[in-house]
Every structure is written in structure tokens, then in C-alpha cells.
Amino acid sequence: MSTQNKASLPVIRRLPKYYRYISDMKKNGVTKISSSELARMMGTTASQVRQDFNCFGGFGQQGIGYQIDVLWEEINHLLFHDGKLNTILIGTGRLGRAIFGYLTAEARGYHLMAAFDCNPDEIGKKLPGDIPISDIRDLSAVCGGVVPDVAVLCIPRQSAMQLAPKLVGMGIKGFWNFSHYDLSVDYEGITVENVHLGDSLMTLGYRVRND
């Protein structure tokens, strides 16, 4: 059975957090950790940690705990084992450029193939790393027959709604979507991470006002 079939979405969403904490411990020379210690760092329970890791076969031994090097290797493999995903950025305004900086400097597992926009003032410019901004109308030609795995959408809602069918038709497997258009509603077979910055801010505001 594949990892995707065995692990629920909440478990998968916790993997990057485990990875961050374990990477920090590895850098700091920590060699072993118990499920209880890891649970305290994660803000969960030891039972939840063990259940999460059991979804992938389990990485430790009862009463002994987890070897940090082994844990890091296993989670690193789960997150990045297929190498880098070919990625395109659509929308190179302020948000798009900020996301571009993250993709090229911080994000692991992604190869930015190309960037696109519809604004004549943007088309023809180059992003750092000598990546040209192409006309969105030339999407298929620029990709040159290489189907991107992921599209990052930093465009308005209406533009995303109009462009989504073409991207799905091209064979895009996943979207990192900042457009405020919930792609997962209309395209159930596509993997989508809808990022709503406004929702996060409103959640923060509510908690500050009511906690």
C-alpha cells in the first residue's frame, strides 16, 4: 500500500514540522529522542507521535526511542525521495516575487522552470538567476514539451479561474495557490494547497482578541 493511502492528510501535514524539529536537533548534535520528548516539542502526545510514525512503518523501538539520524533520513526520504518537482510561477507582482525568492532560496524539492505574467510591463524582464518572465500566452511553447509538476499561482481570483482548465489540461499535478480561488473544489483529482493569507491574519486577530 502506498504512503498516500496509508497516511491521512493531517499526518502528512505534520511531517514538515517533524522534519524541521529533527533537522535542528541533528544540527545541534542530538543523537536520540523519545516519543514523549518529541511530543512536547510538537505540542501533541507521545501516542500521536507513535501513531504518526507507524503510518510509515515506524522508525523507533519500544522503550528505546528514536535515533535522530535514522529519523531524519526516513522523513527526508518521505518528503523528497522523487527528486525535484518541475515548477512554474504564474504572476510576478509583489507577492509573486516574494514567493519566487522563497522557492529559489529556501524551498527544497522544487526546480523553478519558468515564470509567467500577462502584464506587458513585466514580460521580458528577468528574475534573479536570469529567469525570464514570459507571456502567459506562450505557456506551452516556453515549457517546451516538459510538463511541469506544480504551478504556483500568485494571480487574482478571476485569472486563476480562467487559467486553471488549461493548466490541468497540460497535466499539472499540483498547485500552490495564493489566488483566493479554491481550486480543489472544481478539480478533485489535483493536489492543491490553497494559501489564504487573509484567513491566517483573521485567525490570529480572533485569538489575540479572545484568548
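Residues numbered from 1 in each chain as written. Predicted model: local features only at pLDDT ≥ 70, side-chain atom pairs only at ≥ 80, totals over all residues. Heavy atoms only, no water.

- In the nomenclature of an unreviewed UniProt entry, the chain is known as Redox-sensing transcriptional repressor Rex of Candidatus Ruthenibacterium merdavium.
- Turning to the chain, the UniProt record has this under Sequence similarities (unreviewed entry): "Belongs to the transcriptional regulatory Rex family."
- What the UniProt record of the chain gives under Function (unreviewed entry) is the line "Modulates transcription in response to changes in cellular NADH/NAD(+) redox state." (UniProt positions renumbered as here; feature names shortened; annotations may be inferred.)

## Side note on the pattern of salt bridges
Part 1: In this structure the tally under the stated criterion is 8 salt bridges.
Part 2: Note that Arg13 and Glu193 form a salt bridge whose closest N and O atoms lie 2.9 Å from each other. In this pair, Arg13 is assigned in helix α2 (residues 9–27) and Glu193 in strand β9 (residues 191–194), connecting sequence segments 180 residues apart.
Part 3: The exposure class assigned to Glu193 is partly exposed, which follows from its relative accessible area of 34%. (Salt bridge = Lys/Arg side-chain N within 4 Å of Asp/Glu carboxyl O. Helix = DSSP H or I, 4+ residues; strand = E, 2+ residues; numbered from the N terminus. Buried < 20%, exposed > 50% of the residue type's maximum accessible area, 1.4 Å probe, protein only.)

## Side note on the confidence of the model for the chain
A low pLDDT score tells you not to read the predicted coordinates there in detail.
Part 1: Taken over all residues, the pLDDT of the chain has a mean of 91, while the share at 70 or more is 95%.
Part 2: Contacts from residues 1–5, a stretch scored under 50 in pLDDT, to residues over four places away or in other chains number 3 contacts. (pLDDT = per-residue confidence, 0-100. Contact = heavy atoms within 4.5 Å.)

## Comments concerning the side chain of Glu122
Part 1: Along the chain, Glu122 falls in the loop between β4 (110–117) and β5 (126–127).
Part 2: Residue class for Glu122 comes out buried when judged on its relative accessible area of 13%.
Part 3: Within polar-contact distance, the side chain of Glu122 engages the side chain of Thr92 at 2.9 Å.
Part 4: Aside from chain neighbours lying at most four places away, what touches Glu122 is Thr92, Arg97, Asp117 and Ile133. (Polar contact = N/O pair within 3.5 Å; in protein donor to acceptor, adjacent residues only side chain to side chain.)

## Some details on the sheet that holds strand β8 (residues 174–177)
Two pairing modes exist for strands in a sheet, parallel and antiparallel, and in both the strands are linked by backbone hydrogen bonds.
Part 1: Taken in spatial order, the 7 strands make up an open sheet running β5-β6-β4-β3-β7-β8-β9, and their pairing is mixed. Two strands close off the open sheet at either side, each with one partner strand: β5 and β9.
Part 2: Pairing between β4 and strand β6 (residues 131–135): 3 bridges, direction parallel. Looking at the pairing, Ala115 lines up with Ile133 of β6. (Pairing = 2+ DSSP bridges.)

## Brief notes about the UniProt feature "binding site: NAD(+)" (unreviewed entry) in the chain
Part 1: Following the UniProt record, one finds the feature "binding site: NAD(+)" (unreviewed entry) at Gly91, Thr92, Gly93, Arg94, Leu95 and Gly96.
Part 2: Within the secondary structure, Gly91 sits in the loop between β3 (85–90) and α6 (94–105).
Part 3: Sequence-distant contacts of Gly91, that is, excluding residues within four places in its chain, are made with Gly96, Phe116, Asp117, Cys154 and Ile155.
Part 4: On the accessibility criterion, Arg94 (83% relative accessible area) is exposed.

## Quick look at the packing of helix α3 (residues 35–42) against helix α4 (residues 46–54)
Part 1: Contact geometry of α3 with α4 gives a least axis separation of 8 Å together with a crossing angle of 100°. Overall, the two elements α3 and α4 adopt an arrangement that is roughly perpendicular. Contacts between α3 and α4 involve Ser35, Ser36, Leu38 and Ala39 from the former and Ala46, Val49, Arg50 and Phe53 from the latter.
Part 2: Split by residue class, the contact of α3 with α4 holds 5 nonpolar, 2 polar and 1 charged. (Axes fitted to C-alpha atoms, helices over the stretch in contact; angles between N-to-C directions. Parallel < 35°, antiparallel > 145°, perpendicular 65-115°, else oblique. Nonpolar A, V, L, I, M, F, W, Y, C, P; charged D, E, K, R; others polar.)

## Some remarks on the nonpolar core
Part 1: Ranked by internal contacts, the top residues of the largest apolar core, which has 22 residues, are Ile88, Ile90, Leu153, Leu167 and Phe175.
Part 2: Sorting the residues of this core by element identifies β3, β4, α7 (139–143), β7 (150–153) and α8 (157–170) as the ones contributing at least two each.
Part 3: Residue contributions to this core peak at 5 residues, all from α8.
Part 4: Once you skip the residues sitting within four places of it in the chain, Leu153 turns out to touch Ile90, Ala160, Leu167, Phe175, Trp176, Asn177, Phe178, Ser179 and Leu183.
Part 5: The next biggest cluster of nonpolar side chains, apart from the first, holds 21 residues, and it includes Ala7, Val11, Phe59 and Ile68. (Core = buried A, V, L, I, M, F, W, Y, C linked by side-chain atoms within 4.5 Å.)

## Some details on unusual backbone geometry
Part 1: You will see that Asp130, though not glycine, has its phi angle at about 65°, which is positive.
Part 2: Here Asp130 is to be found in the loop between β5 and β6.
Part 3: Look at His180: it is not a glycine, yet its phi comes out positive at around 70°.
Part 4: Note that His180 resides in the loop between β8 and α9 (183–186).

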